[in-house]
Every structure is written in C-alpha cells, then in structure tokens.
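Listed below, chain by chain, are the residues.
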Amino acid sequence: MEQPNPSIFPHAVILPMPAQGHMKPMLRLAELLCLAGLHVTFVNSDYIQARLLKSMDVAAFCSRLPGFRFESLSDGLPPEHPRAGRLANDLFFSTRSVTKPLFRELLISLGKESGSPPTCVIADGLMSFAVDAAEEVGIPIITFRTYNASCTWVYFHISKLIEEGEIPFQGDKDMDRQITCIPGLESLLRRRDLPGICRLEEIENPVMQYYLSETSAMTRASALIINTFEELEAPVISKLGSLFPKVYTIGPLHTFLKSHIKHSSSPSVSSNGSLWQQDRSCLAWLDSQPSKSVVYVSFGSLVSLTRDQMMEFWYGLVHSGKKFLWVIRPNSIEGEEGVGQTPVEELLEGTKERGFMVGWAPQEEVLGHPSIGGFITHSGWNSTLESLSAGVPVICWPQFSDQLVNSRCVSELWRIGLDMKDTCDRLTIEKMVRDLLEDKREEIIRSANEIARMARESVKEGGSSYCNLEKLINDIRLMCL
Ligand code: UDP
C-alpha cells in the first residue's frame, strides 16, 4: 500500500464565510487538524481578522499551534459597512467579485512555497467561488456547510419547492400548511419552518438565486463536512450521502476540542473565536445565583431587534419572575447603541437584582454554568449545538436563514425546547419562560439530558464524530500521495 510522503506535510487551506457563526466552527476544525499534525492556512476577511486581533491573543494562539497560520483577504465591503442584519447578505456578492480572484492568487502563491503546498481546500458551503478557484488551480475541495444536516438537506430541495408551487408564498398565507415534498422530513416542516429565503416574494430575488447556485456548486466538492453528529440526524445524513462521495459529521466541534485537549498532552490552545471582547463579569454574577434559576438570552451575532421587540422581551422576562442574563450586542437594537445607552439602562433601573446585561458573553461557559436553567435563543446552529450539548432547554425566536428550520427540529423532532416563531409578545414570553423553568420542565429536561449524553458520546474515542474526524484527517493525509 502506498504511504504518504513524510517530507510533505498535509496542508488544508480553510475558507469560512466572513461571519461569526461560520468562522468559529471552522476555526475549531482548524485547531483540531493542527493538533493532528496537519498544516493549516486559515483565510479570514481583513475585517474579521482585524476584529479577531482585538478580541484574542492571535500571536500566542499561533505560536502554540505549529503549522497554523492566518491569511486575510478583502471581503469587498467598506470598513464602515455593518455586515449584520439583512445587510450581511451584501457579503455574498462582494466576496464573489472581490475575494474570488484574491483567493485564487493566494492558492497559487501557497503552491509555490517549498515544503507543504496546499493539499486541499476546505471552504464554506456559501463561498462556492472557492470551488471554482480550487478547480482552476487543481486542488481537491471539501465543502463545510455550517448548518445542520436537516437544513442542508432542505436547501437541496429549494428548486423542488419552487416546482411544486410551495414557494414563493403569498404574503403570510397558509403558514401552517405541511410541506410534504422533502423526503425524510415529510411530517416535520410547515411553510413557516422553511429557511428564510423561502419568504422572499420573488424567485428572481438575487439572494434566492445566490442560495440556489451556492447549493448546487457544493455538489462539485469531493466531500461534505457538517457540524452535527450521527445520532442526532442519522436519516437525513444518510440521504446527504447520495449527493456527496463522502459526508463527515464531526460535531459538536466545540465540545470535541475540549474533550480532545483534556486527553491530549498538548498545551491548551483553544481559541474562543469571538469577534467581540467577552464580558466575563457575568460568570461571577451567575456564581451567586441558585441552581437552574437563570434564563440566558442571546440572539447571536447578526440578529437585531426593534425597540418594541426588546420591550416585549423585557416585560415578559420581568413578569415571569425569573432572573435573566441578557446579551445586548453593541448596535443590536435598531436605531440604538446597546449597553450604556437608553433604553437598556433605563429599563434595568429597578430590575438590577433580577437581570444582568452584557455586550457579549462567554456563551459556552455560560451555558455550562449550573445556574442556567434555560436559554432564549435566535436558534443559530452554533447556539443550538452549544445548548443541546450542555443539556440546556431553549425557547426559540428564529428570525431568518437556517434558524427557522433549527427551531422546528428543536421543538418537534428533538423536543428540547419551545418554538415562539413568528410571535413576539410579552404574555407568550412570560408563559414560555415559566413553562421552560417549571410547568413543562420535566418532560423537556428528559430529552435534553438524553441528547446531551449522545453529543458527549459522539466525540469520545470510538464515538461517531471522533471516528469521522479521524477519517477526515486520514483522507487529507492520503491526498498527499
Ligand atoms: N456568542 C458568544 N457570546 C455571545 C453571543 C454569541 O460567544 O454573547 C457565540 C455563540 O457561542 C455562537 C456564536 O456566537 O458560537 C453565534 O453563532 P450562531 O450560529 O448561534 O448564530 P449567528 O451569530 O451565526 O447568527
């Protein structure tokens, strides 16, 4: 049998979409590949790299991981662009035109370096220009979709949904109509649970067309990586196997790294991959709270709230009588500045002993804290995986993209939370908080504990994700032959 050439290091060039929820799991994968002895070039946008330099000790991180390096390229947007909310979609088009040629040049120049030319590209499933670039330069490409398997499978059926006349919808008509044309998910999804793009009024909308072409380009990759685990989504994962020669489910990546490091002799190198400085003062506050008594509230890195929505959450939380830890990201209230500005400061007056607010939390640690009893989340996939791994039940308030599918899986398939999709009123919030922490807790906690157990097993030696990660590493090594 042929053996890999020991003088050539396998070298993965990793390209995430330049956004928090995409960069973070791909950085975790990069760390794991480096710990296994591979070289990694991690390609951020200049904008993301500048923010990472402010929020983590990049030099120390790189020095502890031999073989790891960052590169950065323009994302094509001016520095003052918010890159959040619906404006985040601008990145789709700017990266295609501006980043693509730069990425191609980078691959060519890395190929000229002695020692370890790129063995493969691992690119975000929403950065399909990387497929073109890798094909042009002749490097194998693996696609990493940062959504879960069910949602990834739904995206492969958008054309079918159009053919069947399921989308576009007429306004918000018939939102509870069952969607039956996606094999394996026939009894799960209603119209309102389809990905955010299905609510666009025209098929010709450039964002709809973007998703259609990105999803189709993914199938030109030699393999698919998903941050999920077999036990969670086995039937759909096997269906994805009909579209890709190989599917590696290697999640939950964030727990993987922790469990790997615990058993490894390497120094702890884990980055938190945060684009904001974490306010760790909330951990001391949590220490002073009773077990399972606090609701953690966070809507991730992109969702913004109107002032009215913010007020509904605040009333609902205060009237539930429960304590809460709330992340108000800078600029996340439409038209307001966040922590330190009205209305947040004013609102907190009189409820300070009940609520604690931060601009950005160490979320994984918060979810692992014994005082946390529940999580109000926008159902981003990382937040969902982090809560399900920690066994924390959730209330879902999904806004766009894969969040609408995730919240349905959480409430109906895995039964580890409640879905308050398409509503935002104080009475519902108050009731759901009480249900989650008291009235429906027993039933939900049973499933949450079971799923958390399966997640832990999957990343242990011999577990499904553990074995899949080993296969991925070996397959990359074999590409050096
Ligand atoms: N996050 C964090 N601190 C916060 C809020 C979020 O560290 O205060 C992290 C969270 O742990 C998750 C990521 O930001 O890993 C958000 O990713 P997700 O997919 O949940 O949502 P997105 O930001 O992509 O909408």
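Residues numbered from 1 in each chain as written. Predicted model: local features only at pLDDT ≥ 70, side-chain atom pairs only at ≥ 80, totals over all residues.

Enquirer: Could you give an account of the pairing of strand S6 (residues 223-226), with specific residues and numbers?
Expert: Where burial is concerned, the two faces of S6 agree: the one with Ala223 and Ile225 and the one with Leu224 and Ile226 are both buried. Across four bridges, strand S5 (residues 141-145) lies against S6 in parallel orientation. Each residue of the ladder has a partner; that of isoleucine 142, found in S6, is alanine 223. Where S6 and strand S7 (residues 247-249) come together, three bridges link them in parallel fashion. Considered in S7, the bridge of isoleucine 225 is made with tyrosine 248. As for the winding sense of the linkage, the β-α-β connection from S6 through helix H9 (residues 230-240) to S7 is right-handed. (Buried ≥ 20, exposed ≤ 12 C-beta atoms within 10 Å, placed from the backbone. Helix = DSSP H or I, 4+ residues; strand = E, 2+ residues; numbered from the N terminus. Pairing = 2+ DSSP bridges. Right-handed = clockwise from strand over helix to strand, strands pointing away.)

Enquirer: Requested: an account of the environment of glutamine 278, with residues and values cited.
Expert: Within the secondary structure layout, glutamine 278 lies in the loop between helix H10 (253-263) and helix H11 (281-287). Sequence separation between glutamine 278 and arginine 86 is 192 residues, and the spatial gap between their C-alpha atoms is 24 Å. Those residues in contact with glutamine 278, other than ones at most four positions away along the chain, are Asn272, Trp360, Ala361 and Pro362. (Contact = placed C-beta atoms within 7 Å.)

Enquirer: Explain the site of the ligand residue by residue, including any values.
Expert: Among the 18 residues in the neighbourhood of the ligand, the closest are listed as Gly21, Gly300, Ser301, Gly380 and Ser383. Listing elements by their share of the shell around the ligand, those giving two or more residues are helix H1 (20-35), helix H14 (363-367) and helix H15 (381-390). (Near = placed C-beta within 6 Å.)

Enquirer: Give a detailed account of the environment of arginine 408, specifying residues and quantitative values.
Expert: Among the structural elements, arginine 408 can be located in helix H16 (residues 403-413). A residue is classified by how many C-beta atoms lie within 10 Å of it, and arginine 408, with 24 of them, is buried. The spacing of arginine 408 and leucine 243 is 165 residues in sequence and 24 Å in space, taken between C-alpha atoms. When near neighbours in sequence (up to four residues on either side) are disregarded, arginine 408 contacts Leu188, Leu189, Asp193 and Asp419.

Enquirer: So what's going on with the pairing of strand S9 (residues 323-327)? Residues and values would help.
Expert: Burial analysis of S9 places five of its five residues in the buried class, which makes it a mostly covered element. Alternating residues of S9 divide into Lys323, Leu325 and Val327 and Phe324 and Trp326, and every residue in both groups is buried. Two elements, strand S8 (residues 294-298) and S9, share four bridges in a ladder whose sense is parallel. Residue valine 297 lies in a different strand from S9, and its bridge partner there is tryptophan 326. Handedness of the S8-helix H12 (residues 307-320)-S9 crossover: right-handed. Sheet topology note: the S9/strand S10 (residues 355-358) ladder contains four bridges and is parallel. Bridging across to S10, valine 327 finds its partner in valine 358.

Enquirer: Please set out the sheet that holds S9 residue by residue, giving values where relevant.
Expert: In spatial order, the strands read S10-S9-S8-S11-S12-S13; together these six strands make up an open sheet with parallel pairing. Pairing within the sheet leaves two strands with one partner each, and these edge strands are S10 and strand S13 (417-419). Adjacent strand axes in the sheet meet at a mean angle of 15 degrees, parallel and antiparallel pairs treated alike. Two elements, S8 and strand S11 (residues 372-377), share five bridges in a ladder whose sense is parallel. When the sheet's bridge partners are listed, valine 295 is paired in S11 with glycine 374. (Axes fitted to C-alpha atoms, helices over the stretch in contact; angles between N-to-C directions.)

Enquirer: Quick one: what's the story with unusual backbone geometry, residue by residue and with numbers?
Expert: In this model, isoleucine 167 is joined to proline 168 through a cis peptide bond whose omega is 0 degrees. With respect to the helices and strands, proline 168 occurs in the loop between helix H7 (158-163) and helix H8 (206-218). That bond from glycine 251 to proline 252 is cis: its omega, -5 degrees, falls within 30 degrees of zero. The topology assignment puts proline 252 in the loop between S7 and H10.

Enquirer: Describe the packing of H9 against helix H18 (residues 441-459), naming the residues involved and giving the relevant values.
Expert: To characterise two packed helices, one gives the angle between the axes of the helices and the distance between these axes. It is the contact of H9 with H18, at a shortest axis distance of 10 Å, that shows an interaxial angle of 85 degrees. What the angle tells us is that H9 and H18 run roughly perpendicular. Together, Glu230, Glu231 and Leu232 of H9 and Ile451, Met454 and Ser458 of H18 make up the contact between the two elements. Partitioning the contact of H9 with H18 into residue classes produces three nonpolar, one polar and two charged. (Parallel < 35°, antiparallel > 145°, perpendicular 65-115°, else oblique. Nonpolar A, V, L, I, M, F, W, Y, C, P; charged D, E, K, R; others polar.)

Enquirer: Could you give an account of the environment of glutamate 163, naming the residues involved and the relevant values?
Expert: Among the secondary structure elements, glutamate 163 is positioned in helix H7. The spatial distance from the C-alpha of glutamate 163 to the C-alpha of serine 45 is 37 Å, given a sequence separation of 118 residues.

Enquirer: Describe the sheet that holds strand S4 (residues 120-124), naming the residues involved and giving the relevant values.
Expert: The strand order across the open sheet built from seven strands is S3-S2-S1-S4-S5-S6-S7, with neighbouring strands paired in parallel fashion. Whereas interior strands pair on both sides, the edge strands pair on one side only; in this sheet they are strand S3 (68-73) and S7. Here the strands of the sheet are splayed against their neighbours by 20 degrees on average, with no regard to which way each runs. On top of the sheet, H1 reaches strand S1 (11-15), strand S2 (39-45), S3, S4 and S5; it is set at about 165 degrees to S2, its chief contact. Along the sheet, helix H4 (residues 90-112) contacts S1, S2 and S3; its crossing angle with S3, the most-contacted strand, is approximately 145 degrees.

Enquirer: Describe the confidence of the model for the chain, naming the residues involved and giving the relevant values.
Expert: When the pLDDT values of the chain are averaged, the result is 92; 92% of them are 70 or greater. Scored as a complex, the prediction yields pTM 0.95 and ipTM 1.00. (pLDDT = per-residue confidence, 0-100.)

Enquirer: Any details on the packing of H4 against helix H5 (residues 129-137)? Residues and values, ideally.
Expert: Packing of H4 against H5 leaves a shortest axis separation of 9 Å and a crossing angle of 35 degrees. Considering only the axes of H4 and H5, their crossing is right-handed. Across the interface between the two elements, Thr95, Arg96, Thr99, Lys100, Phe103, Arg104, Leu107, Ile108 and Gly111 of H4 pack against Phe129, Ala130, Ala133, Ala134, Glu136 and Val137 of H5. Grouping the constituent residues of the contact of H4 with H5 by class yields eight nonpolar, three polar and four charged. (Left-handed = near helix turned anticlockwise from the far one by under 90°.)

Enquirer: Please provide a residue-by-residue account of H8, values included.
Expert: Across its 13 residues, H8 extends 18 Å between first and last C-alpha, which sits within 8% of the 18 Å expected from 1.5 Å per residue. Among all positions of H8, only Tyr211, Glu214, Thr215 and Met218 are buried. Here the buried residues of H8 occupy an arc of 95 degrees about the axis, which is enough to place them on one side. Exposed positions of H8 whose direction lies more than 90 degrees from the buried face are Pro206 and Ser213. Next to the buried residues of H8 lie S5, helix H6 (149-155) and H7. (Expected span 1.5 Å × (residues − 1). Arc of directions from axis to C-beta.)

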